[in-house]
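Coordinates in review
Residue strings, one per chain:
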Amino acid sequence: MAKITLDNLAHSYLKSPQSEDDFALKELNHDWVDGEAYALLGSSGCGKSTLLNIISGLLHPSQGRILFDGKDVTHAPTAERNIAQVFQFPVVYDTMTVRDNLAFPLRNRGQPESYVAERVQEIARMIGMEDMLKRKAQGLGADQKQKISLGRGMVRKDVNALLFDEPLTVIDPHMKWELRTQLKKLHHDFGHTMIYVTHDQTEALTFADKVVVMYDGRVVQIGTPEELFERPEHTFVGYFIGSPGMNVIPAKVEGNRAYIDGTEMALANGYGPLNGKVELGVRPEFARLSQTEGLPVTVRRVEDVGRHKIIRADFFGHDINIIAGEDDRVSADMNRVHFDPSHVNVYANDWRVTPKVRTETVGAA
Amino acid sequence: MQKTVNQKAWFLVLPVLLLVAFSAVIPLMTVVNYSIQDTFGGQFYPLDDKLMWFSDLLEDERMWGALQRQLMFSGIILAIEIPLGIFVALNMPKSGFWSSFCLVVMSLPLLIPWNVVGTIWQIFGRVDIGLLGYVLDKIGIDYNYTQNTFDAWVTIIVMDVWHWTSLVALLAFAGLKSIPDAYYQAAKIDQANRWKVFRFIELPKMMGVLMIAILLRFMDSFMIYTEPFVVTGGGPGNATTLLSIDLVKMALGQFDLGPAAAFSLMYFLVILLISWVFYTVMTNLDKKGM
């Protein structure tokens, strides 16, 4: 187990990258605290797997250093890093039995056979394949093969970190939940540093202590699930996390007033002068439909998803979503929307702006 | 389920039946016809013992000798070409310009007609004017494929290896290319050494194409005629007289049509049998792979 430090790290797949756009992974400084469970969340192609492969040594970064407990391993081969990694698609050694597959990483490290047998048994129990140990891995289903891959990743106790690259994509939903629980338990029991790549927010939020959100080769926010929900640092985080995502509304902000299409709205905090593209971000959970309060809105559709209702509405020409409780009444004469001022964030060029003056009172300009 | 009976459907099979009859069955039957009769001066004479040519053939030392040489030839070239082809494929650049370059260069021998290959090596190995033969002679190695049995064998084997290893290499390369990167990455993570990567990833994934390569090379080498015939003509003596060379000698040299027909039928059956064995093994491998 180790603390993993990324120092000035960046990677480009091109030989001589010209601009920042050529980098699949933009400059990054980060410490992965020993023993924490991280989720690396982002849409496809945002550099998640690149980052993971750099940590495991399958890829050498174009610039910067990686340190394990302060020791530079930037150019160390994968084998020396003592890392376990599970890939998106199952990798099994077809000609071996399930048992030999699980034992493979241990045997390659020359562990005594008695220890190997004991570990294999333990892991087989964990992934629920005890009765299949004698079978050839060839001919098993995709989810069983993936369980073997997971097992192979977990079989070593002394790894520096466990990396998962969207490992549950091929597994069916109820097994997914079970395996994720197993992984959490494993983390709890052994305290490995774990990095779990996914594009599924539920998976990320339930698995990790800290979620690292990536967008376009950049880490845009690192935080607890709660922080990501309450204070998205980047409009992408707001949009990506939550279902539906945060409403992003272009506006003009002056002090503690926002003007949407010329209509004034009070903000909880004051802001300094802002340049560039200014937007308000407010989660559907903090928007409320009303008859009297707030700004005018046109309701287009109400979707009842069981636990709550999602109201799709038109707000000064922008699509917004509003979440109403299952028991909240939605009627035709509700043509105003009210945003909870303490949960309205202001974004300039997609990045969240920290309020300049903290004022509790909303009012006088 | 009730099936409609319509005997006219038989007519639909007719074209295929005719095609197969003219392309395979009728020519084959003429061979069968020859194999149970004696011919002399354009006349057919029925045999007392219908299977005489077959039983004669089975006691014919000359045929057994040719079969033995044939098996030895196929065995040796398989033992060289398969591992060599795999080795070449493993060491080829996986992508980019040099990969295409290697593929093109390696395909070249495959494009040369058999008798040209024979002629190339026939001249190449000559002591008086051939580059190989002359050089070997000059550096003091006694090499003469027309006189020495061992030299003749080495020549036809090296020729076949030169001509056909590319095929094995290309097939093996195709097999290797189909292995997803994740396998190699997982092997690195699992700290597998080079040998284990080959043994547990590359070889199993190549098995399918390798079986095809073995089958193709076996059948081709078992039926080989032109190249050794052009180089050695079956000599010195009978040293490189393989089955098909022997068959042609018998059918066209001596004009023993009856025995030659019996010979070809048995030759055909042996190839069919061996191909069937290969086929069975391959389909079983596939089934296990599902």
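Residues numbered from 1 in each chain as written. Chains lettered and ligands numbered in written order. Predicted model: local features only at pLDDT ≥ 70, side-chain atom pairs only at ≥ 80, totals over all residues.

Quick word on the overall build of chain A
Within chain A one finds 9 helices and 22 strands. C-alpha atoms of chain A, sized along the principal axes, occupy 75 × 45 × 35 Å. Evaluated residue by residue, chain A yields a buried proportion of 42% over its 365 residues. Restricting to contacts in chain A with at least 6 residues of sequence separation, those with at least 24 account for 67%. (Helix = DSSP H or I, 4+ residues; strand = E, 2+ residues; numbered from the N terminus. Buried ≥ 20, exposed ≤ 12 C-beta atoms within 10 Å, placed from the backbone. Contact = placed C-beta atoms within 7 Å.)

Regarding the sheet that holds strand S22 (residues 351-352) of chain A
Residues and elements named next belong to chain A. Ordered by their spatial adjacency, 4 strands build an open sheet running S11-S14-S21-S22, and the pairing between neighbours is antiparallel. Either end of the sheet is taken by a strand with one partner, and the two such strands are strand S11 (247-250) and S22. As defined by bridge partners, strand S14 (residues 278-282) adjoins strand S21 (residues 344-348) across 5 bridges and the pair is classed as antiparallel. In the strand pairing of S21, Val282 is matched with Val344. (Pairing = 2+ DSSP bridges.)

Description of helix H6 (residues 173-190) of chain A
All names here are of chain A. For H6, built from 18 residues, the straight-helix expectation of 26 Å at 1.5 Å per residue is met to within 8% by its first-to-last C-alpha distance of 26 Å. Regarding H6, the residues found buried are Leu179, Leu183 and His187. For H6, the buried positions fall inside an angular range of 85° around the axis, keeping them on one side. Facing away from the buried side of H6 by more than 90 degrees, the exposed set consists of His174, Thr181, Lys185, His188 and Asp189. Here the buried face of H6 lies against strand S3 (37-41), helix H5 (142-154), strand S8 (193-198) and helix H7 (201-207). Following H6 by one or two positions, Gly191 has its phi on the positive side, about 65°. (Expected span 1.5 Å × (residues − 1). Arc of directions from axis to C-beta.)

Topic: helix H1 (residues 48-56) of chain A
Most of H1 of chain A is tucked away, with 9 of its 9 residues classed as buried. Gly57 of chain A sits one or two positions beyond H1 of chain A and adopts a positive phi of about 90°.

Observations regarding the domain arrangement of chain A
Residue and element names in this part refer to chain A. Partitioning chain A into structural domains gives domain 1 (4-239) and domain 2 (248-352). Between domain 1 and domain 2, the C-alpha centre-to-centre distance is 38 Å. Counting from both sides, the interface comprises 7 residues of domain 1 and, opposite them, 8 residues of domain 2. In terms of residue class, the side of domain 1 that touches domain 2 is built from 2 nonpolar, 3 polar and 2 charged. (Domains from an automatic or database assignment. Nonpolar A, V, L, I, M, F, W, Y, C, P; charged D, E, K, R; others polar.)

Concerning the sheet that holds strand S18 (residues 308-315) of chain A
Residue and element names in this part refer to chain A. Ordered in space as S17-S18-S19, the 3 strands form an open sheet in which the pairing is antiparallel. A strand with exactly one partner marks an edge of an open sheet, and here the two such strands are strand S17 (298-304) and strand S19 (318-325). For this sheet, the mean inter-axis angle between neighbouring strands, taken without regard to orientation, is 25°. Across 6 bridges, the pairing between S17 and S18 is antiparallel. If you follow Thr298 over to S18, its bridge partner there is Asp314. (Axes fitted to C-alpha atoms, helices over the stretch in contact; angles between N-to-C directions.)

Regarding the UniProt feature "domain: ABC transporter" (unreviewed entry) in chain A
The UniProt record annotates "domain: ABC transporter" (unreviewed entry) at residues 4-241 of chain A. Taken as a whole, residues 4-241 of chain A contains 37% helix and 25% strand, while its terminal C-alpha atoms sit 26 Å from one another. (UniProt positions renumbered as here; feature names shortened; annotations may be inferred.)

Quick notes on the interface of chain B and chain A
Listed per partner, the contact involves 16 residues of chain B and 21 residues of chain A. At the level of elements, helix H8 (181-189), helix H9 (194-222) and helix H12 (257-289) of chain B are the ones that each hand at least two residues to the side of chain B that touches chain A. With 6 residues, the top contributor of residues to the side of chain B that touches chain A is H8 of chain B. For the side of chain B that touches chain A, the per-class residue count stands at 10 nonpolar, 3 polar and 3 charged.

Overview of the nonpolar core
Tyr38, Ala39, Leu40, Ile195, Tyr196 and Val213 of chain A are the most contacted members of the largest nonpolar core, which has 82 residues in total. With 23 residues, the next largest nonpolar core counts Ile249, Leu280, Ala313 and Met334 of chain A among its residues. (Core = buried A, V, L, I, M, F, W, Y, C linked by C-beta atoms within 7 Å.)

Notes on the confidence of the model for chain B
Residues and elements named next belong to chain B. Here chain B averages 87 in pLDDT, and 98% of its residues register 70 or above. Helix H7 (residues 149-177) holds the highest mean pLDDT among the elements of chain B, 92, whereas strand S2 (residues 43-46) holds the lowest, 77. Here the complex is predicted with pTM 0.75, and the ipTM for its interfaces comes to 0.74. (pLDDT = per-residue confidence, 0-100.)

Quick word on the UniProt feature "transmembrane region" (unreviewed entry) in chain B
The sites that UniProt annotates as "transmembrane region" (unreviewed entry) are residues 12-36, 71-90, 97-124, 152-176, 197-219 and 260-281 of chain B. Secondary structure content for residues 12-36 of chain B is 96% helix and 0% strand, and the end C-alpha separation is 35 Å.

Comments concerning the environment of Asn144 of chain B
All names here are of chain B. Within the fold, Asn144 resides in the loop between helix H6 (131-138) and H7. Asn144 gets classed as partly exposed once you count the C-beta atoms within 10 Å, which come to 16. Residues Asn144 and Leu103, 41 residues apart in the sequence, show an inter-C-alpha distance of 33 Å. Excluding anything up to four places from it in sequence, Asn144 contacts Val127 and Asp151.

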